[in-house]
Amino acid sequence: MSVRVRFAPSPTGYLHVGGLRTALYNYLFAKNQGGTFILRIEDTDRTRLVEGAQEALIQSLKWAGIEHDEGPGKDGGKGPYIQSERFDLYRKYSEELIANDSAYYAFDTSEEIDAMRERQKKSGIAPKYDRSSMKNQYTLGDVETKKLLDSNAPHVVRLKVPFNEEIHFKDVIRGDVSVKGRDVDDQILLKSDGFPTYHLANVVDDHLMEITHVIRGEEWLPSTPKHILLYKAFGWEAPKFAHLPLLLNNNKTKLSKRHGDVAVEDFRQKGYIKEAFVNFVSLLGWNPSGENEIHSIDDLINGFNLEKVNKGGAIFDRPKLEWMNSMYLRQSPLEDLYKQIENKLSDSNITKDKEYIKSVINLLKERITFAHEIIEFGDYMFDKPKSFDEKYEKKQWKEDTLQKIEPLIQNFKALDTWNVDTMHKIAEDYINSNNMKFGQIMHPIRLMITGKPVGAGMFETMEILGKDECIDRFNDFIQKKKNA
RNA sequence: GGUCCCAUCGUCUAGUGGUUAGGACUCCGCCCUUUCACGGCGGCAACAGGGGUUCAAAUCCCCUUGGGAUCACCA
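Only a predicted model underlies this, so the values are computations on that prediction, with no experimental measurement involved.

## Considering unusual backbone geometry
Right, so step 1: Cis peptide bonds are those with omega within 30 degrees of zero, and the linkage from Gly-79 to Pro-80 qualifies with -5°.
Right, so step 2: Take Pro-80: it is sitting in the loop between helix H2 (53–63) and helix H3 (87–99).
Right, so step 3: Of note, the phi angle at Asn-349 is positive, near 60°, even though the residue is not glycine.
Right, so step 4: Tracing the sequence through the fold places Asn-349 in the loop between helix H13 (334–347) and helix H14 (354–364).
Right, so step 5: Accessibility expressed as a relative area gives 66% for Asn-349, which makes it exposed.
Right, so step 6: Unusually for a residue other than glycine, Asn-435 sits at a positive phi of about 60°.
Right, so step 7: On the secondary structure map, Asn-435 appears in the loop between helix H18 (420–434) and helix H19 (438–450).

Spelled out as structure tokens, the structure:
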């Protein structure tokens, strides 16, 4: 049977990086196995719907290069892929469970449930629906239950969890897991608004969509016994389960907004290169065990192995992500990098043409982490230096520097062909015939041209700036010195 | 608190009974060099603790400790 997996987010906002990792592992597994990757929208909580969230989710996935084979907008014959459009299905299946005594009606109000929990808390026992004392099918009797149902009394459907059974399942990543039935709550399957809870909808849809592997976050592990019970109650074969380790904050708690950006969109906006981001995220919890850590999506797909996913949570280490980005930055096509920062350039009133910008990116890309950093880091490439680094000036510009450097500048002015080689030749000849060292001239030149102590190769910088611009800067600086 | 899951350098990890416990990020040093980077070389740094099993345990078992998740008419 061919592999079918799904990513099933709830449209309550942006795509979380933890969600992206889950989607990514599903995707990698599907592609590795020649299977199908399905996107399903779990919007059964009508109170938490966020306008536009579904589109944002799909956009973020798409940015990361994850496109579903089946899902909203891509019918694979197992749709609809949005749970609210499958509404009628769930009641039908919940009735099937009631008919075979795997679930039951309950009529408690939320106040009554709260009171029950309060009592249990006081007597120090774990809060759990008490089937024998609350208002339900069993305590009320069939006649009363039918009467309430006929009168449209608000009710829910609960899973009838067997007390004395032990529920076992085998997790692909964790091995055997077992829980006692007495520790599992009689989960609500169908809410009083007629919508299913996650547990029912998820199991029904996974079965109907013929999902073979449920790959999801570890936070679902505690409720998996309920799902196993549901498959059993329906008489369905359960899919294989694989619970992924959590992505963590620096303090080892579940990755959250409180500790920095967690939305994929935030990372996109910060200027991360998608391939770098995907590469980094995919290595959180798994790796293809080589010495190299830079992998294309195809490499990741080819090497992916669900059984080799780690069990322990992984801290989302931002410095390493930045390093990864800088690695990708260097090998990215200049055109891509240009496109990425196009808007930021106009925001900064930089009007240089595209080819010029690209040459600046190329010049500085080994010294930056994000493409947009050229705007700050390489500000002198777009305008004359507004200021000159004080410490650098003090150190590199001495009393006699002007007189030592001026003849060389004259030589530059006389240059017909303005490129790295011709400039280098002139400089070399000059220091040789004057018994000087490169440092004695390069630092003052860097100061005059850029105003900063750091930057790319000096002649490379000057070549891109152009002869007129460089001569202007020399003149301006010398004038300033003479006036001082 | 109940239940469940987890545990190799600060971090991401390799490792499936015999290794000088490997790599990557970070940090530090050296080399290259006109600066800063890149690159190259090198360094700091780990099997949570205790019991077993075994000729031999990071690897298998048990306990302890520590961490996390989960206990909703949310997913």
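Let's pick the thread back up.
## Comments concerning the domain arrangement of chain A
Right, so step 1: By the assigned domains, chain A splits into domain 1 (87–244), domain 2 (257–331), domain 3 (334–381) and domain 4 (384–484).
Right, so step 2: Just the C-alpha atoms count here: the centres of domain 3 and domain 4 sit 24 Å apart.
Right, so step 3: Connecting domain 3 to domain 4 are one salt bridge.
Right, so step 4: The closest approach of N and O atoms between Asp-379 and Lys-452, which form a salt bridge, is 3.0 Å.
Right, so step 5: Contributing elements (two or more residues each) for the side of domain 3 that touches domain 4: H14 and helix H15 (374–377).
Right, so step 6: The element that contributes the greatest number of residues to the side of domain 3 that touches domain 4 is H14, accounting for five residues.
Right, so step 7: Each residue belonging to the side of domain 3 that touches domain 4 can be placed in one class, and the counts come to seven nonpolar, one polar and three charged.

## Focus: the side chain of Glu-70
Right, so step 1: Summarising the element assignment, Glu-70 is placed in the loop between H2 and H3.
Right, so step 2: Judged by relative accessible area, Glu-70 falls into the buried class, the value being 7%.
Right, so step 3: Among the polar contacts made by the side chain of Glu-70, one reaches the side chain of Tyr-81 at a distance of 2.7 Å.
Right, so step 4: Among all residues touching Glu-70, those that are not within four sequence positions of it are Arg-4, Thr-36, Phe-37, Ile-38, Leu-39, Gly-76, Lys-78 and Tyr-81.

## Points about the sheet that holds strand E3 (residues 103–106)
Right, so step 1: Taken together, the three strands give an open sheet; going across it, the order is E3-E4-E7, and neighbouring strands pair in antiparallel fashion. At either end of the open sheet lies a strand with only one pairing partner, and these are E3 and strand E7 (188–190). On average, each strand axis in the sheet is inclined to that of its neighbour by 45°, with strand direction left out of account.
Right, so step 2: In this fold H3 packs onto E3, strand E4 (156–159) and E7, with an angle of close to 105° to the strand it touches most, E3.

## A few points about the pattern of salt bridges
Right, so step 1: Here the structure, examined in full by the defined rule, presents 35 salt bridges.
Right, so step 2: We note a salt bridge from Asp-206 to Arg-6, for which the minimum N-O separation is 2.9 Å. In this pair, Asp-206 sits in helix H7 (residues 198–208) while Arg-6 sits in strand E1 (residues 4–7), placing the two residues 200 residues apart along the sequence. Just as Asp-206 is buried, Arg-6 falls in that class too.
Right, so step 3: Note that Asp-43 is salt-bridged to Arg-46, the shortest N-O span being 3.6 Å.
Right, so step 4: Note on Asp-43: relative accessible area 8%, which makes it buried.
Right, so step 5: Connected through shared salt-bridge partners, Arg-6, Arg-40, Glu-42, Arg-86, Asp-205 and Asp-206 make up one network.

Rules behind the numbers
Residues numbered from 1 in each chain as written. Chains lettered and ligands numbered in written order. Predicted model: local features only at pLDDT ≥ 70, side-chain atom pairs only at ≥ 80, totals over all residues. Heavy atoms only, no water. Helix = DSSP H or I, 4+ residues; strand = E, 2+ residues; numbered from the N terminus. Buried < 20%, exposed > 50% of the residue type's maximum accessible area, 1.4 Å probe, protein only. Domains from an automatic or database assignment. Salt bridge = Lys/Arg side-chain N within 4 Å of Asp/Glu carboxyl O. Nonpolar A, V, L, I, M, F, W, Y, C, P; charged D, E, K, R; others polar. Polar contact = N/O pair within 3.5 Å; in protein donor to acceptor, adjacent residues only side chain to side chain. Contact = heavy atoms within 4.5 Å. Pairing = 2+ DSSP bridges. Axes fitted to C-alpha atoms, helices over the stretch in contact; angles between N-to-C directions.

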